[in-house]
Structure formats: C-alpha cells, structure tokens
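# Results of the structural survey
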Amino acid sequence: MRFDKEKYEVKELTLENSTIKYRAFKNLVYVDKPVNEEFQRMNIFVPEAYYDGFSINGYTLDTAPVFMPNTVGGYMPGELDEPGFNKFGPRQLNSIFQALLHGYVVAAPAIRGRVQKNGQGIYTGKAPACIVDYKAAVRYLHYFSQELPGDENKIITNGTSAGGALSSLMGATGNHPDYIPYLEEIGAADAGDEIFAASCYCPITNLDHADMAYEWEFSGVYDYHRMHMTMAEGGRPSFTPVDGEMTDVQIKASKEEEVLFPAYVNSLGLRDKQGNVLTLDEQGEGSFKAYVESVVLASAQRAMEQGRDVSDKKWLNVQDGKAVSMDFKAYVKDITRMKTAPAFDDLTMDSPENNLFGIAYMDCCHFTKYSAEHSMADGVMADKNIVKMMNPMYYIEDAQSDIAQHWRIRHGECDRDTSLAISAMLTLKLENVGKKVDYHAPWDMPHAGDYDLNELFAWIDGICK
C-alpha cells in the first residue's frame, strides 16, 4: 500500500461533445494484506487543469471535493471503473466523467462481493467484506491526504441499490469499532474512515427488517410483475417480463411478516420535523404511514410543478393544482409488487441477500428470525453482529460512530425493489439526530441511480463551498 504521485497517465477523452483531460493514478492497492488484490484497488482521477494552475467551478487542486462512487449492485463485486459511459441502463456519461468535467477529484474503488472465492474454495466476499473494503479505501485517502489531490475532508460517497446501501453505511458508521478487526485483518491504513457526505440512490438496506416493510407496503397484493435480466450481445442487459401469483406459502409469509412491522417502526422513536411521534397501530395504520404518503404526494406535486401530467393516477387526489391525498392501497397496486414473500430472506435461501450473509464455507444463510424459523432449506442464521454491521440504522444513535453531517437520499416513486418505508425510516432517523437530509422520491422513477447528476453536483457544491 503506497501512493507515488509521479506514477500517473495523462489522458484526454471526448464523449457527447464534451472533452476532459485528466491525470489518472490507477490500480492503487488500498490495503497491505489484500484478500483479493484485483478487487482491493482504486483508481484516482484528477482534472489536469489543476496541475496547470487553473480552477474549475471555484475549485483547485487542493480544495476540490473527493467524489467516491462505487460500482456495487446486488452485493456483487464492484469492479474498477473509469471515465466513460454507464455500463448498465440508458447510454449516458458515467458519474466519473461528469464529476471530472465539474471539477471534482474522483476516487473509484473496486470492492469485493458475495460470490468470490479464493484458490482453496473459501468465500472471501461475504458480509461484511463489501463495507470493510469501502472503509479501507477511505482510510487510504485519509492516510495519504498530504500527498493526494483534492480535499480529503470533503469525501462524498455515492452508490445505487446495494451500492446505495454501502454509501449509507459509510455515512452512518464512520470509525466505529465494530469494523476494526476486519480492517486490521486486511491491513487497512491506520487512519479514519469517516466521510463528509453520503449520496444514496435507492439503498437496499436495513435488510433484517426489509421483508416486513415490503409486506406492509404491498399488503394484500399477491400478484407480482418483474423483469428477468440476461446479458445480451455486447455486454448490455436484456429484460424479459415475468408475471405470476404468489404461492400459498408465500401469501402466508406475507401476512405474517406484515403484522411484525408496526412494532419495529414504533421501537425507533421516529419524529417528523414538527416533533410529532410517528407510529403504526396493529393494523399498520397511523402517522408513519401518513409520512410515507406525504413523500409520494411531494413527488407528485413536484412533477406537476415541472409540467408533468399525473391525471392517469386515479389513486391521486389533486385539488386546485395541489396533490392533497392518495389511496395508498391503489397506489401500490398501480406500481405493482415485484418480489414474492419474503422478499429478501427467502425461505429457500435463494436470494442475493441470503448469498451475501453466507460464511467462509457456506454459500447462503438466513438473517431474520422469521425466515430462520420457517426455513424450507434447513438454513442457519448468520452471525447477528455481521447482520448488524450491514444495517446503518443501528449506528445512527451510537456515540461511537462519526456520522456524516450531510445526506442525499433518492428512492424512485415507483421503485419496487424495496419498500419506500426503508428510505423513509433512514431519513427520519438521521434527521432525529440532527443530520441534514435531502430526501425525495422522483416521480415515475424505477430502481435506478445517477439519473440527476447535475442536481447531485449542485447539492455537493452547496455543502462544500
């Protein structure tokens, strides 16, 4: 683990009528004892103009924020990335290219994932490897801060889906002792792993309560509609629709998970900005549900103010140009259920999250009490401390955590990969301890990320300048 400021390439890239000239420090191993060196490396990119004495958007070589995106999806390995086009989704310039154009220094780490093994057949990327690697990469930046470009006191993590969950964990768990043994094991730098701000697109997080939240939201909806992804020629994803009805076992699980959710919500002590306590009764109704509805209504209102037509949404009540109320059951039926119950801790242990919580010699484990007790695969429970380490909610009120002051959370209005309640609870918990959260559910947006980079960068400028 070292940083040689003289070892770099200067590159120039023109895409979509935009040109960036940048300095690339590539393949920096960010730990001393890598388990999988290919996925414990980082690329750092810097606008070359800074080395010529110029500024961009008011930033210089020393003052530019350090934008730190990850490429993790589905808790799979996150590969090294560099300026170019997005690898998935619509063809658009990726966040690294656009961040450099905007004047940020970019630190882009590779991160281990749930399917990786070593030569002896031992799994090396199971939880908490992904968050430990992200922390180790931040420690590298802090350790070499005097030699590195940019302001390492202004690190902003960014990710989508499982990557958004990792960004939320980075924001909530800075320097927490739970992670130290794992960091020491891979030879992470002797430095802090706190960050300045976290950008989280549709975070698939709070996994040990995500099943009950999903069933609370999609209560009574037992037909599902999802897309099956395969990789087409050229490495682009291809999607085929899959529709179906849940089985009797899944419907039973849905009903039993749903009734568990109110007790969890009520245990959190959530309050709105006016200080009102947000709760649910045994039927799943109450002020917390009203808060979740308010997030959807705010999305509809913003859409209307942008000139979008929402008249096809029969569940939405608009009066005098204002979104005033909604039929929640009709709303979730309109956006449709995507996952069968349980959505994350599958009774047959056939989900990405079951795979995430496997151990060295075991591919999959359960991570909730309900699924372990109803397992159809003789599954065992993951270690409770590792389950905790993958959930930012446990750390937000922990005095041992250095929590990021600034947060930006986006969950698409029609995103069905996890319940809207998950991002709502995360937002409320952060606001309740005094953190600043820019939270929104963009209208008609499915499970996606990096779709509003201009707005993201404006937010970063607002908290950094």
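See the structure shown above.
Anyway, here's the lowdown on the structure attached to this text. Per chain, residues are indexed from 1 in the order of the written sequence. Local features in a predicted model are, by the rule used here, given only for residues with pLDDT of at least 70; side-chain atom pairs are given and counted only at 80 or more, and totals for whole chains, interfaces and linings are based on all residues. In computing side-chain values, all of the structure's heavy atoms are included and hydrogens and water are not.

### Observations concerning helix α6 (residues 248-258)
Rules: Buried, partly exposed and exposed residues are distinguished by accessible area as a fraction of the type maximum, computed with a 1.4 Å probe on protein chains only: under 20%, between the cut-offs, and over 50%, respectively. Here a strand is any run of E in DSSP of at least two residues, a helix any run of H or I of at least four, and the numbering for each starts at the N terminus. This arc is built from the directions going out from the helix axis to the C-beta atoms. By definition, residues are in contact when any of their heavy atoms lie within 4.5 Å.
Among all positions of α6, only Gln-250, Ile-251, Ala-253, Ser-254, Glu-257 and Glu-258 are buried. Axial view of α6: buried residues confined to an arc of 160°, hence all on one face. Buried positions along α6 lie against α5 (207-217), α7 (261-267) and α11 (369-373).

### Some thoughts on helix α8 (residues 287-305)
For an α-helix, 3.6 residues make a turn, and residues three or four places apart therefore share a direction. This is how it is decided: Each helix should span, by expectation, one fewer than its residue count multiplied by 1.5 Å.
The terminal C-alpha atoms of α8 lie 26 Å apart, and with 19 residues this matches the ideal 27 Å at 1.5 Å per residue to within 8%. Backbone geometry just downstream of α8 places Gly-307 in the positive-phi region, at approximately 90°.

### Thoughts on unusual backbone geometry
The amide bond that connects Ala-127 to the next residue, Pro-128, takes the cis arrangement and shows omega of 5°. Among the secondary structure elements, Pro-128 is positioned in the loop between β5 (105-109) and α2 (129-143). The phi dihedral of Tyr-75 falls on the positive side, at around 60°, and the residue is not glycine. For Tyr-75, the position within the fold is in the loop between β4 (65-69) and α1 (95-102).

### Looking at the pattern of salt bridges
Applicable threshold: What makes a salt bridge here is a side-chain nitrogen of Lys or Arg within 4 Å of a carboxyl oxygen of Asp or Glu, nothing more.
The final tally for this structure, using the stated rule, is 20 salt bridges. Close ionic contact of Glu-48 with Arg-23 constitutes a salt bridge, the shortest N to O distance being 2.8 Å. In this pair, Glu-48 is assigned in the loop between β3 (41-47) and β4 and Arg-23 in strand β2 (residues 18-29), connecting sequence segments 25 residues apart. Just as Glu-48 is buried, Arg-23 falls in that class too. A salt bridge links Asp-133 to Arg-112; the nearest nitrogen and oxygen atoms lie 2.9 Å apart. Here the residue Asp-133 occupies a position in helix α2, and Arg-112 occupies one in the loop between β5 and α2, the gap between them amounting to 21 residues. The exposure class of Arg-112 is buried, given its relative accessible area of 6%. Overlapping salt bridges bring together Arg-408, Arg-410, Asp-438 and Asp-452 as one network.

### What about the nonpolar core?
For the record, the criterion: Residues grouped as a nonpolar core are buried Ala, Val, Leu, Ile, Met, Phe, Trp, Tyr and Cys residues, joined through side-chain atoms within 4.5 Å.
In this structure, Phe-261 and Phe-288 are the most contacted members of the largest nonpolar core, which totals 137 residues. With residues near it in sequence (within four places) discarded, Phe-261 still touches Met-212, Ala-213, Trp-216, Leu-280, Phe-288, Ala-421 and Met-425. Counting residues in hydrophobic clusters, the runner-up holds 7 residues, among them Tyr-224, Met-246, Ala-253 and Ala-341.

### Quick look at the side chain of Lys-339
Using the following cut-off: Only four residue types enter the charge count: Lys and Arg as positive, Asp and Glu as negative, with His and the chain ends excluded. In the analysis that follows, any N or O atom pair within 3.5 Å is treated as a polar contact, provided that within protein one partner can donate a hydrogen and the other can accept it, and provided that, for residues neighboring in sequence, both atoms belong to side chains.
For Lys-339, the location among the structural elements is in the loop between α9 (328-335) and α10 (352-356). The buried charged residue Lys-339 lacks any salt bridge, with Asp-417 as its nearest oppositely charged partner at 4.8 Å. One polar contact links the side chain of Lys-339 to the main-chain carbonyl oxygen of Asp-417, over a distance of 2.8 Å. What Lys-339 contacts, discounting residues up to four positions off in sequence, is Tyr-214, Arg-226, Phe-344 and Asp-417.

### Side note on the packing of α1 against helix α14 (residues 453-464)
The test is simple: Structural elements are reduced to axes, namely lines fitted to C-alpha atoms, with helices fitted over the stretch in contact, and the angle between N-to-C directions of any two is expressed from 0 to 180 degrees. Each angle gets one of four labels, with under 35 degrees taken as roughly parallel, over 145 as roughly antiparallel, 65 to 115 as roughly perpendicular, and the rest as oblique. Handedness of each helix crossing follows the sense of rotation of the near helix against the far helix: counterclockwise by less than a right angle gives left-handed, clockwise gives right-handed. Classes in brief: Ala, Val, Leu, Ile, Met, Phe, Trp, Tyr, Cys and Pro nonpolar; Asp, Glu, Lys and Arg charged; the others, Gly included, polar.
Taken N-terminus to C-terminus, the directions of α1 and α14 make an angle of 45°; their axes are 11 Å apart at the nearest point. By the criterion of interaxial angle, the relationship of α1 to α14 is oblique. As α1 packs across α14, the resulting crossing turns out to be right-handed. Contact residues: α1 offers Ser-95, Gln-98, Ala-99 and His-102, while α14 offers Leu-453, Phe-457 and Asp-461. Considered class by class, the residues forming the contact of α1 with α14 number 3 nonpolar, 3 polar and 1 charged.

### Structural notes on the sheet that holds strand β1 (residues 9-15)
Just so we agree on the cut-off: For two strands to be treated as a pair, DSSP must find at least two bridges joining them.
An order of β1-β2-β3-β5-β4-β6-β7-β12-β13 is seen for the 9 strands of this open sheet, with the pairing classed as mixed. Either end of the sheet is taken by a strand with one partner, and the two such strands are β1 and β13 (436-440). Across the sheet, the mean angle separating the axes of adjacent strands is 20° when strand polarity is ignored. Bridge count for β2 against β3 is 6 bridges, and the pairing is antiparallel. For Arg-23, the partnering residue across the bridge sits in β3 and is Val-46. Across the face of the sheet, α1 comes into contact with β1, β2, β3, β4 and β5 while running at roughly 115° to β2.

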